[in-house]
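What follows is the residue order along each chain.
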Amino acid sequence: MSTRTNGSGSNYEYVTARVRSRRAKLFDEDDYRKLIRMGPGEIARFMEESEYEEAMNALGARYSGVDLIEHALHRNLANHFDDLLRFAEGRLYDYIARYLRQFDAWNIKTVMRGIYSDAEREAVETDLIRAGEFSERRIERLLGAESIEAVIDVLADTMFGDALAGAYGEYEERAVLVPLENAADRAFYEALIAGLPDEPNRATQLYIDFLEAEIDFRNIENALRLSRSGADIDPAEYYIDGGRLFDEEELGALVANTDELVSRLRESTYGDDLDAALSELESAEGLSGVDRALNRALLEYSRTLSNRYPLSVCPVFAYVLAKMREVDNVRAIARGKEAGLDPETIEEELVMV
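Residues numbered from 1 in each chain as written. Predicted model: local features only at pLDDT ≥ 70, side-chain atom pairs only at ≥ 80, totals over all residues. Heavy atoms only, no water.

Caption draft 1: How the structure looks around the layout of surface pockets. Considering only enclosed or pocket space, the second largest pocket measures out at about 310 Å³ in volume. Contributing to the lining of the second largest pocket are 14 residues, with Leu 59, Tyr 63, His 71, Arg 75 and Arg 130 lying nearest its centre. At the level of elements, helix 5 (65–87) and helix 8 (121–126) are the ones that each hand at least two residues to the lining of the second largest pocket. Of all the elements, helix 5 adds the most residues to the lining of the second largest pocket, at five residues. When its residues are assigned to classes, the lining of the second largest pocket shows five nonpolar, four polar and five charged. (1 Å grid on protein atoms, 1.4 Å probe; cavity = no way out; pocket = protein on both sides within 12 Å on 5 of 7 lines; lining within 4 Å. Points joined across faces, edges and corners; volume = space filled by probe spheres on them. Helix = DSSP H or I, 4+ residues; strand = E, 2+ residues; numbered from the N terminus. Nonpolar A, V, L, I, M, F, W, Y, C, P; charged D, E, K, R; others polar.)

As structure tokens, then:
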């Protein structure tokens, strides 16, 4: 993926129309409940009769079972996001290209986790999503890296290089990946808002509004995960700058009290749009339940912005989040069925909006 500059003219009407069409094809709750009651072979056949048909057929000779499902999900997702860039022009292209760099961060974290856990290369490669800016050559170099330090060397000339190098010492000291994973996320989010005008126009302000909301939810999610990990780590150390609700100290205090956190969110600019999701967050049990509630809240808020500002970048980003969630849900179903989990347990792991 390369950044293209076509001047300031952006074709929002055309791109958002294409996005609406594609969003309408995403799986709904009925589809998920059908999939939950299928075996892996039936799930594969269901996908062959959906918009995943092309990817399933293209990969069917190389993979089977859950591996085929996962590779097809990732190929289809990457193709859709490549299409977004192909459709977009001007500043809109730049916004989308920036946002899709999250998959570079995803792939960095996936490779590091594979090295950390001594996973097989094939297992790591299955989890990569080739929808960011990294070339195939760089991805191959990442997959060939034999140590965390080698991964950082491969990335030295990228937007992630300095942040990862700066976090490496803490990784060595603590022997946990959290500092490096957060460094990758922070580099991504900082690049999203770098170089924007000091006095943004309406289109740019909506781009900023969407990202501020996402950063707020990522900060909450990261802080809650850290606070429940048992590690001796201050959540404020891994704060991502750029949100609108919290500073480092405040967030660190709120994560210790979910009720207080929910109350603060209800009183915030997100409150009216997140009533159902916040109720779910209030009643969530365990870290996985909180994570799902937060992801649901972000999806719900992104859809609200999409409906409120239909000719803006908001519908595009909301579609990206929804498509990613579809991939996550289908993967969770396929892996759950492979592991022999019952339908009720699998459904509890899904995020449906």
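Caption draft 2: Molecular detail of the environment of Val 15. Note that Val 15 resides in helix 1 (residues 12–23). Here Val 15 falls in the buried class, since its relative accessible area comes to 0%. For the pair Val 15 and Arg 174, spaced 159 residues apart in sequence, the C-alpha separation works out to 45 Å. Contact partners of Val 15, with chain neighbours within four places excluded, come to Phe 87, Ala 88, Leu 92 and Val 316. (Buried < 20%, exposed > 50% of the residue type's maximum accessible area, 1.4 Å probe, protein only. Contact = heavy atoms within 4.5 Å.)

Caption draft 3: Summary view of helix 12 (residues 178–193). When the terminal C-alpha atoms of helix 12 are compared, their 23 Å separation across 16 residues agrees well with the 22 Å that a helix rising 1.5 Å per residue should span. The buried count for helix 12 comes to twelve of 16 residues, which makes it a mostly enclosed element. Turning to helix 12, its buried residues number three or more, namely Pro 179, Leu 180, Glu 181, Asn 182, Ala 183, Ala 184, Asp 185, Ala 187, Phe 188, Tyr 189, Ala 191 and Leu 192. In the segment just after helix 12, Gly 195 is the residue with positive phi, at about 75°. (Expected span 1.5 Å × (residues − 1).)

Caption draft 4: Just the side chain of Glu 214, in detail. Relative to the helices and strands, Glu 214 resides in helix 13 (residues 202–229). Reaching out from Glu 214, the side chain makes a polar contact with the side chain of Tyr 99 at a distance of 2.5 Å. The residues contacting Glu 214, other than those within four sequence positions of it, are Tyr 99, Tyr 189, Leu 298 and Leu 321. (Polar contact = N/O pair within 3.5 Å; in protein donor to acceptor, adjacent residues only side chain to side chain.)

Caption draft 5: Representation of the environment of Leu 155 within the structure. Tracing the backbone through its elements, the reader meets Leu 155 in the loop between helix 10 (148–154) and helix 11 (161–174). Leu 155 gets classed as buried once you look at its relative accessible area, which sits at 0%. In this structure, the C-alpha to C-alpha distance between Leu 155 and Ala 165, residues ten residues apart in sequence, is 9.3 Å. Sequence-distant contacts of Leu 155, defined by excluding residues within four places in its chain, comprise Ile 108, Phe 134, Arg 138, Leu 142, Phe 160, Gly 161 and Leu 164.

Caption draft 6: Representation of the pattern of salt bridges in the model. Evaluated as defined, the whole model comprises 26 salt bridges. We note a salt bridge from Arg 130 to Glu 125, for which the minimum N-O separation is 3.4 Å. Residue classification places Glu 125 among the partly exposed residues on the basis of a relative accessible area of 25%. The partner of Arg 130 in a salt bridge is Glu 136, with the nearest N and O atoms 2.9 Å apart. With relative accessibility at 43%, the residue Glu 136 sits in the partly exposed group. If you follow the salt bridges from partner to partner, you end up with Arg 121, Glu 125, Arg 130, Glu 136 and Glu 140 in one network. (Salt bridge = Lys/Arg side-chain N within 4 Å of Asp/Glu carboxyl O.)

Caption draft 7: Region of the structure containing a negative patch on the surface. A cluster of acidic side chains, namely Asp 67, Asp 118, Glu 120, Glu 122 and Glu 338, defines a negative patch on the protein surface. Residue position: Asp 67 is located in helix 5. (Patch = residues over 30% accessible without salt bridge, like charges linked within 9 Å, V, L, I, M, F, W, Y side chains within 5 Å. Areas by Shrake-Rupley, 256 points an atom, 1.4 Å probe, with all protein chains shown as cover. Lys, Arg positive; Asp, Glu negative; His and termini not counted. Charge placed at Lys NZ, Arg CZ, Asp CG, Glu CD.)

Caption draft 8: Broad picture of the nonpolar core. Counting 115 residues, the largest nonpolar core has Phe 81 and Leu 164 as its most contacted members. With twelve residues, the top contributor of residues to this core is helix 18 (residues 314–338). (Core = buried A, V, L, I, M, F, W, Y, C linked by side-chain atoms within 4.5 Å.)

Caption draft 9: Quick look at the packing of helix 1 against helix 5. Two elements in contact, helix 1 and helix 5, have axes separated by 10 Å at closest approach and are oriented at 160°. As far as their axial angle goes, helix 5 and helix 1 are roughly antiparallel. As helix 1 packs across helix 5, the resulting crossing turns out to be right-handed. Contact residues: Tyr 14, Val 15, Arg 18, Val 19 and Arg 22 in helix 1; His 80, Asp 83, Leu 84 and Phe 87 in helix 5. Along the lines of polarity and charge, the residues of the contact of helix 1 with helix 5 split into five nonpolar, one polar and three charged. (Axes fitted to C-alpha atoms, helices over the stretch in contact; angles between N-to-C directions. Parallel < 35°, antiparallel > 145°, perpendicular 65-115°, else oblique. Left-handed = near helix turned anticlockwise from the far one by under 90°.)

Caption draft 10: Layout of unusual backbone geometry. One non-glycine residue, Asp 118, lies in the positive phi region at around 60°. Within the secondary structure layout, Asp 118 lies in the loop between helix 7 (102–116) and helix 8. Phi is positive for Ala 175, which is not a glycine, with a value near 60°. One can find Ala 175 in the loop between helix 11 and helix 12.

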